[in-house]
Amino acid sequence: MMTITNNIAILEKETIEDTKKLFDHDQLSKVFSILRQCDIIDIYGILDNLFLAKHFQSQMNYIHKKVNICDLIGSEKTMAHLADNSHCAIIISYSGQTQNLLDVAQIYHDKQIPIIALTCIGENSLNHLSNASLYLSSKEMLNIKIGDFASSTSLKYLFDILYAGIFSFHYKENLEQKIILASLA
């Protein structure tokens, strides 16, 4: 059991470092510019990615930033069609080639609504449709993986960076709000 705990700890530390190395200053600046200008963030992804998005949504509620998560299979295109220029989209796709997510990205792209891709580094269709991209670690070897430890750690780290960055836009007000809410608990 101690070997397992040590291996998971090492994997998570290495994954965060790997993800951090993938940051590009210009892309990160574009991401925060998009997030600052939009009123509503729409998030699309599949499976466990949406659980991590729910945590991000919960954090954002505390600082009065609206986040919609499309978690009903088959409703992705409808939600995308309902978006307007007060929205931006965060689309999570490790491969950047998931067809239903590419269809959503195309709708946002055609409507000229900004798209932030959370995907793997390298060329993929999602990156081409997006205004900015942040990259997930590629530490997992898909042929032997027993879980999505690295990709989940990487995605949670990216969401934490996004939350902290948005929090910093109105740091004093957000901190006061968090203190008030903590006193209610």
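Figured I'd write up the structure that's included with this text.

**Here's the deal with the pattern of salt bridges**
- According to the stated counting rule, one finds four salt bridges in the structure shown.
- As a salt-bridge pair, Lys77 and Asp103 come within 3.5 Å of each other at their nearest N and O atoms. Of this pair, Lys77 sits in helix H4 (residues 76–82) while Asp103 sits in helix H5 (residues 99–110), and the two are 26 residues apart along the sequence.
- Since its relative accessible area comes to 45%, Lys77 is described here as partly exposed.

**Overview of the pairing of strand S2 (residues 66–69)**
- The side-chain alternation of S2 yields one buried face, formed by Val67 and Ile69, and one unburied face, formed by Lys66 and Asn68.
- Between strand S1 (residues 40–44) and its parallel partner S2, the chain crosses via helix H3 (residues 48–62), and the hand of that crossover is right-handed.

**Brief notes about the sheet that holds S2**
- Spatial ordering of the open sheet is given by S2-S1-S3-S4-S5, a layout of five strands whose pairing is parallel. Looking along the sheet, the strands with just one partner apiece sit at the ends: S2 and strand S5 (132–136). Direction aside, the axes of adjacent strands within the sheet are offset by 20° on average.
- Taken together, the five bridges between strand S4 (residues 115–120) and S5 define a ladder with parallel strand orientation. The residue bridging Ile116 from the neighbouring strand is Ala132, located in S5.
- Sitting on the sheet, H3 is in contact with S1, S2 and strand S3 (87–93), with an inclination near 160° to S2.

About the cut-offs
Residues numbered from 1 in each chain as written. Predicted model: local features only at pLDDT ≥ 70, side-chain atom pairs only at ≥ 80, totals over all residues. Heavy atoms only, no water. Salt bridge = Lys/Arg side-chain N within 4 Å of Asp/Glu carboxyl O. Helix = DSSP H or I, 4+ residues; strand = E, 2+ residues; numbered from the N terminus. Buried < 20%, exposed > 50% of the residue type's maximum accessible area, 1.4 Å probe, protein only. Right-handed = clockwise from strand over helix to strand, strands pointing away. Pairing = 2+ DSSP bridges. Axes fitted to C-alpha atoms, helices over the stretch in contact; angles between N-to-C directions. Contact = heavy atoms within 4.5 Å.

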